[in-house]
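# Residue-level structural notes
Residue strings, one per chain:
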Amino acid sequence: MFIDRAKIRVKAGDGGNGVTAFRREKFVPRGGPSGGDGGKGGDVWLESDESLNTLLHLRYNPEHHAERGRHGEGSNRHGRDGDDVIVKVPVGTQVFEVASGDLLHDFTDAFQRFLAAKGGKGGWGNSHFATSTRQAPRFHYSGRPGEDRELQLELKLIADVGLVGFPNAGKSTLISVISAAKPKIADYPFTTLEPNLGVVDLGDFRTFVVADIPGLIEGASEGAGLGDRFLRHVERTKLILHLVDVSSLSGRDPVDDYKIINRELAAYNEDLAARPQIVVATKIDALDEPGRLSSLKERAEKDQCDFFAISSVTGNGVKELVNAIALRLLPTE
Ligand SMILES: Nc1nc2c(ncn2[C@@H]2O[C@H](COP(=O)(O)OP(=O)(O)OP(=O)(O)O)[C@@H](O)[C@H]2O)c(=O)[nH]1
Ligand SMILES: [Mg+2]
């Protein structure tokens, strides 16, 4: 299962307390104040790690507490600072504060760090408070509490290419033939319930990542079908492949399908609607009315989109499509 959300609690260490103490040594009469300060509480940091690609590890381990600072001691001994805790998250994780809903941080690269909860300062011991008129202060400060908050983590898959289209358009079938991903494929709508990622290998270490997401239908932006909530997985893609079934199997008109999906994209996010699209007519092995293909092609050209016609079953046109995607995404030297 693809997990892309997790709620965690981060609690930084409290600061240690300062102490009240006085020097007591054999040959030092009336020794002055010598209470040391408390140590600082440990921080909780989040750090991005390229080797992770889900938030699953945090689902099972949602509490992250850093150590408290030790209390100060006599003879001006400072309490030890609490150790920090580092929580690893995949690149692409966004951090929201549950209480306010605010976006606190966005991990766009590996080895980024975010201070999720700051450790409390240690309290001052009484030696801090000695002045010429107050030579024996009999008080100290307590340590400050460490920050404590609940965070909602969200991982958007960072894919280069997003597949969108009606249910049954052939999205999962395409990703299964161009990558090693093995999503469920079936002859009914809403086969795909969770996004799948596939890595397309072009050789020479050149790759791109494709996201296959559940199908959209009219009204998805208002929650119809599975709704548009999976569109956040294609929000960051550089290119959208808009798949349209041109066989008569769908029982709908390809140009209408194309327009409906574009409307849903725009309703979700105008930026997404403006993202470069390649329009892909699918299932051409089962094409029985050529007019369905040509009218979609005309429409795509009118919208100044590249257009390809493929069959994932026979492989017809698939290679050309992959090459065109590679040309759009990868700089050629
Ligand atoms: N004839 C033919 N059938 C295809 C082709 N590609 C996909 N199909 C069939 O179309 C049906 C739907 O394919 P999927 O890949 O599951 O469609 P999808 O777009 O992922 O559908 P959802 O996950 O429900 O949104 C399956 O029965 C596939 O076998 C094709 O190129 N030619
Ligand atoms: Mg599917």
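Everything below is about the structure printed above this text.
Treat the numbers as computed from the prediction; the structure is a model and nothing was measured. (Residues numbered from 1 in each chain as written. Chains lettered and ligands numbered in written order. Predicted model: local features only at pLDDT ≥ 70, side-chain atom pairs only at ≥ 80, totals over all residues. Heavy atoms only, no water.)

### Some details on the overall build of the chain
The number of helices and strands found in the chain is 6 helices and 14 strands. The C-alpha radius of gyration of the chain comes to 30 Å, more than 25% above the 20 Å expected for a compact globule of 333 residues. By element, 50% of the accessible surface of the chain is carried by carbon and sulfur atoms, the whole surface being about 16900 Å². Averaging the coordinates of the 42 positive side-chain charges in the chain and doing the same for the 48 negative ones gives two points 11 Å apart. (Helix = DSSP H or I, 4+ residues; strand = E, 2+ residues; numbered from the N terminus. Rg over C-alpha atoms; globule rule 2.2 N^0.38 Å. Areas by Shrake-Rupley, 256 points an atom, 1.4 Å probe, with all protein chains shown as cover. Lys, Arg positive; Asp, Glu negative; His and termini not counted. Charge placed at Lys NZ, Arg CZ, Asp CG, Glu CD.)

### Re the coordination of the magnesium ion (ligand 2)
Only Ser172 (OG) and Thr192 (OG1) from the protein coordinate the magnesium ion (ligand 2), and they sit 2.0 to 2.1 Å from it. Of this pair, Ser172 sits in helix H2 (residues 171-178) while Thr192 sits in the loop between H2 and strand E10 (196-201), placing them 20 residues apart in sequence. Residue classification places Thr192 among the buried residues on the basis of a relative accessible area of 11%. (Donors = N, O, S within 2.8 Å, 3.2 Å for Na, K, Ca; no water. Buried < 20%, exposed > 50% of the residue type's maximum accessible area, 1.4 Å probe, protein only.)

### Section: the pairing of strand E9 (residues 161-165)
Of all the 5 residues making up E9, 5 are buried; the element is thus mostly covered by neighbouring parts of the structure. Of the strand pairs in this sheet, E9 and strand E11 (residues 207-212) are connected by 3 bridges, and their pairing is parallel. Bridging across to E11, Gly162 finds its partner in Ala211. Sheet analysis places E9 next to strand E12 (residues 239-245), joined by 5 bridges and oriented parallel. (Pairing = 2+ DSSP bridges.)

### Describing the site of ligand 1
Taken together, 22 residues lie near ligand 1, and Lys171, Thr173, Phe190, Thr192 and Asp285 sit nearest. At 2.8 Å, a backbone N or O of Phe190 approaches an oxygen atom of ligand 1. Here ligand 1 has 650 Å² of accessible area as a free molecule, and 88% of this is covered by the chains. (Near = heavy atom within 4 Å. Polar contact = N/O pair within 3.5 Å; in protein donor to acceptor, adjacent residues only side chain to side chain.)

### Quick notes on the packing of aromatic side chains
How two aromatic rings sit relative to each other is set out by the distance from centre to centre and by the angle between their planes. The final tally for this structure, using the stated rule, is 3 aromatic pairs. With 6.0 Å between their ring centres and 55° between their planes, Trp124 and Phe129 make a pair best called tilted. Since its relative accessible area comes to 42%, Trp124 is described here as partly exposed. Three or more aromatic residues link up through ring pairs in this structure, and these residues are Trp124, Phe129, Phe139 and Tyr141. The ring of Trp45 is capped by Arg113, whose NZ or CZ atom sits 5.3 Å from the centre of that ring. It is Arg252 that lies over the ring of Phe166; its NZ or CZ is 4.0 Å from the centre. (Phe/Tyr/Trp six-rings, centres within 6.5 Å; stacked < 30°, edge-to-face > 60°. Lys NZ or Arg CZ within 6 Å of the ring centre and 35° of its normal.)

### Digging into the environment of Pro145
Considering the arrangement of structural elements, one finds Pro145 in the loop between strand E7 (113-117) and strand E8 (148-155). Separated by 131 residues in sequence, Pro145 and Asp14 place their C-alpha atoms 4.3 Å apart. The residues contacting Pro145, other than those within four sequence positions of it, are Asp14 and Gly120. (Contact = heavy atoms within 4.5 Å.)

### A closer look at the nonpolar core
By size, the foremost hydrophobic cluster in this structure holds 24 residues, and its most contacted members are Leu174, Leu241, Leu321 and Ile325. Not counting the four nearest positions on each side in its chain, Leu174 is found in contact with Leu163, Leu241, Leu243, Ile310, Ser312, Val318 and Leu321. (Core = buried A, V, L, I, M, F, W, Y, C linked by side-chain atoms within 4.5 Å.)

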